[in-house]
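So you can see what is in the structure, the chains are spelled out below.
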Amino acid sequence: MTSQGQNLNSSSDDNCTMDFRQKLLFIDSHLGDQDVERLRFLCRDCVSHKKLEKSSSALEIFNHLLAEDLLREEDSFFLAELLYIIKQKSLLCHLCYTKEQVESLLPARRRVSLFRNLLYELSEGMDSDNLNSMMFLLKDSIPKTQMTSLSLLAHLEKQARIDEDNLTLLEMLCKNVVPNLMRKIEKYKREKAAQVVTAPVDKETESLHHGEEELFSRSDIKKFSRALPETPLYRMDRTHRGHCVVVNNHTFTSLADRPGTDKDAECLKSVFQWLGFSVHRYDNVTKEGLEKVLQEYRNHPGHASGDCFVFCVLTHGKFGAVYSSDGILIPIREIMSHFTAQRCPALAHKPKLFFIQACQGEEVQPSVSIEADAVNPENVTPSLEDSVPVEADFLLGLATVPGYVSFRHVKEGSWYIQSLYNNLKDLVPRREDILSILTAVNDDVSRQVDIYGKKKQMPQPAFTLRKKLVFPVPQKEL
């Protein structure tokens, strides 16, 4: 599919000044059908399988990556990584990368998981005879259609017969058909075992003057570290941080508007993108629309290679429930239940964070610039824990304790979301865990009062987290 008359060795200056979409079009024109199949396979952890199956060109895959915010003009590294893996290194210059630059950046920025990379490498080491032998061993468990090595591996993965922690079937096939591929599996196991988050060196320690005597030697420090009980941390070193969904209801069919909520939505998008999440915002969501959003993210393939999941709701509410834009009350527990390990296996053992900006009880008369997110109060105060699924790894952050209102400034946004934004921005770089950050949010919001000094608010988190959740410090300042 290489276009005639187009020079792949044009100067890097020309390549970097070319319009971004022109570059993608140019790259697409130099990729063949096999390259497209390889790209589809390598993107399985990031893009819906149905969308990938319908993609017949690299350009369609690029569109999906753009939509998922995995490919941007200011950050095209993921595509550079894909081109590097499929050995289209001559095209890297059109993304303003060299082969050496990609190799040096891969350890810190790789998005293709070790498991996905292993499967790709195994497929590359299989010829047609090997493929036929493997299909013979698998007998009736595979469809009677023509398959490539990649489609076979994708099928086994879809059937849940192989995954990053279950290589038994792969090992059996390789041992019987292509024994030399066992080296790649052993290498994968070593690399997976070595995937540990190492604590950064404290700047004060790093800046000790050369020759200055240290109080303890490195071996002493290692001994002390081993003697101390380790605080388990949630893993934060997978291919990507994860997805963050923001449901932002400003306008309702039968309830009052919520001015100031767009400010909150913008702040949430900004801070969670800064933390490495792919953020997806949905405005004025009906009950039917919310159900579609919940189904989409319950089945999202990107969870498999993500560290975490965040779901934010900005709306009116009361007692353990929130309102859709068409005025239907939806229990918070019903929203969270979509992401239990049984219904969303890809998020099992991973932290799932839910932040709700909505009143949870009786309305308070607001001042001119302060509004309450309460509707039709009732004199009932259910337990917050009733909203959290009875299983591990959930956190629910509510703007207020059950039975009370939460406040939102009509221009500056809500007390709770603005405090969450500011404390994430300030405390993540200090390596504070999420519960410590939410404690700071509680303190901050509890000190705020309306202009008359009469109205206050107290947020409340409930959680079943098993480990500390510490977000890696972003490279750039927010």
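Up top is the structure.
Summary of the structure given here.

Thresholds, definitions, all that
- Residues numbered from 1 in each chain as written.
- Predicted model: local features only at pLDDT ≥ 70, side-chain atom pairs only at ≥ 80, totals over all residues.
- Heavy atoms only, no water.
- Helix = DSSP H or I, 4+ residues; strand = E, 2+ residues; numbered from the N terminus.
- Buried < 20%, exposed > 50% of the residue type's maximum accessible area, 1.4 Å probe, protein only.
- Contact = heavy atoms within 4.5 Å.
- Areas by Shrake-Rupley, 256 points an atom, 1.4 Å probe, with all protein chains shown as cover.
- Axes fitted to C-alpha atoms, helices over the stretch in contact; angles between N-to-C directions.
- Parallel < 35°, antiparallel > 145°, perpendicular 65-115°, else oblique.
- Left-handed = near helix turned anticlockwise from the far one by under 90°.
- Patch = residues over 30% accessible without salt bridge, like charges linked within 9 Å, V, L, I, M, F, W, Y side chains within 5 Å.
- Salt bridge = Lys/Arg side-chain N within 4 Å of Asp/Glu carboxyl O.
- Core = buried A, V, L, I, M, F, W, Y, C linked by side-chain atoms within 4.5 Å.
- Domains from an automatic or database assignment.
- Pairing = 2+ DSSP bridges.
- Arc of directions from axis to C-beta.
- Polar contact = N/O pair within 3.5 Å; in protein donor to acceptor, adjacent residues only side chain to side chain.
- Phe/Tyr/Trp six-rings, centres within 6.5 Å; stacked < 30°, edge-to-face > 60°.
- Lys NZ or Arg CZ within 6 Å of the ring centre and 35° of its normal.

**Focus: the overall build of the chain**
Phase 1: Each helix and strand in the chain was counted, giving 19 helices and twelve strands.
Phase 2: Counting over 478 residues, the chain shows a buried share of 48%.
Phase 3: Considering only residue pairs separated by 6 or more positions, the chain has 74% of its internal contacts joining residues 24 or more positions apart.
Phase 4: Of the roughly 24200 Å² of accessible surface on the chain, a fraction of 49% belongs to carbon and sulfur atoms.

**Considerations on the packing of helix 3 (residues 33-42) against helix 10 (residues 149-158)**
For any two helices packed against each other, one specifies the crossing angle of their axes together with the interaxial distance.
Phase 1: Following both chains from N to C, one finds helix 3 and helix 10 inclined at 20°, their axes separated by 10 Å at the closest point. Relative to helix 10, the element helix 3 lies roughly parallel. Remark: the crossing between helix 3 and helix 10 carries left-handed chirality. Across the interface between the two elements, Glu37, Arg38 and Phe41 from helix 3 touch Leu150, Ser151, Leu153 and Ala154 from helix 10.

**Description of a nonpolar patch on the surface**
Phase 1: The grouping of Phe136, Leu137 and Met172 at the surface amounts to a nonpolar patch, some 300 Å² of accessible area in total.
Phase 2: Mapped onto the elements, Phe136 comes out in helix 9 (residues 128-138).
Phase 3: Exposure remark for Phe136: the relative accessible area of 66% places this residue in the exposed category.

**Some words on the pattern of salt bridges**
Phase 1: The final tally for this structure, using the stated rule, is 22 salt bridges.
Phase 2: Across the pair Arg72 and Asp75 runs a salt bridge whose closest N-O atoms are separated by 3.9 Å.
Phase 3: A relative accessible area of 22% means that Asp75 is categorised as partly exposed.
Phase 4: In this structure, the salt-bridge partner of Lys292 is Glu288, at a minimum N-O distance of 3.9 Å. You can see Lys292 and its partner Glu288 sitting in helix 16 (residues 287-298), four residues apart, about one turn around the helix. In terms of burial, Lys292 and Glu288 fall into one category: exposed.

**Looking at the nonpolar core**
Phase 1: Of all hydrophobic cores here, the largest spans 65 residues; its most connected members are Leu31, Phe62, Leu65, Leu79, Leu82, Leu83 and Leu152.
Phase 2: Here the element with the most residues in this core is helix 6 (residues 77-85); it accounts for eight residues.
Phase 3: The two domains that each donate at least three residues to this core are domain 1 (20-112) and domain 2 (118-195).
Phase 4: Counting 37 residues, the second-largest nonpolar core is a separate cluster that includes Phe272, Tyr416, Leu420 and Leu469.

**Focus: the sheet that holds strand 4 (residues 317-318)**
Phase 1: Across the sheet, which stays open at both edges, the three strands sit in the order 4-5-6 with antiparallel pairing between neighbours. Only two strands of the sheet have a single neighbouring strand rather than two, namely strand 4 and strand 6 (329-331).
Phase 2: Here two bridges tie strand 4 to strand 5 (residues 321-323), and the two strands are oriented antiparallel to one another. Along strand 5, the bridge assignment pairs Lys318 with Ala321.

**Here's the deal with helix 5 (residues 58-67)**
In an α-helix there are 3.6 residues to a turn, and that puts residues three or four apart on one side.
Phase 1: Here helix 5 has its buried residues at Ala58, Ile61, Phe62, His64 and Leu65. Relative to the axis of helix 5, the buried residues are bounded by an arc of 160° and lie together on one face.
Phase 2: As for helix 5, its buried residues are in contact with helix 2 (20-29), helix 3, helix 4 (49-53) and helix 6.
Phase 3: After helix 5 finishes, the residue Asp69 shows a positive phi value of roughly 65°.

**Some details on helix 9**
Phase 1: Buried within helix 9 are the following residues: Asn130, Leu131, Met134, Met135 and Leu138. When helix 9 is viewed along its axis, its buried side chains cluster within an angular range of 135° and face the same direction. The exposed set on the far side of helix 9, more than 90 degrees from its buried face, consists of Asp129, Asn132 and Phe136.
Phase 2: Looking at the buried residues of helix 9, the elements they touch are helix 10 and helix 11 (168-177).
Phase 3: Put simply, Asp127 is the residue that caps the front of helix 9, since its side-chain oxygen is 3.1 Å from the backbone nitrogen of Asp129.
Phase 4: Of the residues one or two after helix 9, Lys139 is the one with positive phi, at around 50°.

**Remarks on the environment of Pro232**
Phase 1: Within the secondary structure, Pro232 is located in the loop between helix 14 (218-227) and strand 1 (240-248).
Phase 2: A residue is classified by how much of its surface remains accessible, and Pro232, at 44% relative accessible area, is partly exposed.
Phase 3: C-alpha separation for the pair Pro232 and Arg466, spaced 234 residues apart in sequence, amounts to 8.4 Å.
Phase 4: Contact partners of Pro232, with chain neighbours within four places excluded, come to Lys467 and Lys468.

**Overview of the packing of aromatic side chains**
Phase 1: A full pass over the atoms with the stated rule returns 13 aromatic pairs.
Phase 2: When the ring of Phe115 is compared with that of Tyr188, the centres are 6.2 Å apart and the planes differ by 55°; the resulting orientation is tilted. Placement of the pair is Phe115 in helix 8 (residues 114-124) and Tyr188 in helix 12 (residues 182-193), with a sequence separation of 73 residues. For the residue pair Phe115 and Tyr188, the accessibility class agrees, reading buried in each case.
Phase 3: When the ring of Tyr282 is compared with that of Tyr297, the centres are 6.4 Å apart and the planes differ by 75°; the resulting orientation is edge-to-face. With a gap of 15 residues between them, Tyr282 in strand 2 (residues 278-283) and Tyr297 in helix 16 connect regions that are remote in the sequence.
Phase 4: Looking at Tyr282, the relative accessible area reads 23%, which means it is partly exposed.
Phase 5: For Tyr297, a relative accessible area of 1% corresponds to the buried category.
Phase 6: Aromatic rings pair up to connect Phe309, Phe311, Phe339, Phe354 and Phe394 into one cluster.
Phase 7: Seen from the ring of Phe41, Arg116 lies directly overhead, with NZ or CZ sitting 4.9 Å from the centre.
Phase 8: One cation-aromatic arrangement involves Lys352 over Phe394; the distance from NZ or CZ to the ring centre is 5.2 Å.

**Considerations on the pairing of strand 9 (residues 394-398)**
It is a general feature of regular strands that their side chains alternate between the two faces of the sheet.
Phase 1: Most of strand 9 sits inside the fold, with five of its five residues counted as buried.
Phase 2: The alternating pattern of strand 9 places Phe394, Leu396 and Leu398 on one face and Leu395 and Gly397 on the opposite face, and all of these are buried.
Phase 3: Pairing of strand 7 (residues 352-357) with strand 9, which is carried by five bridges, proceeds in the parallel orientation. Note on strand 9: the bridge partner recorded for Phe354 is Leu396.

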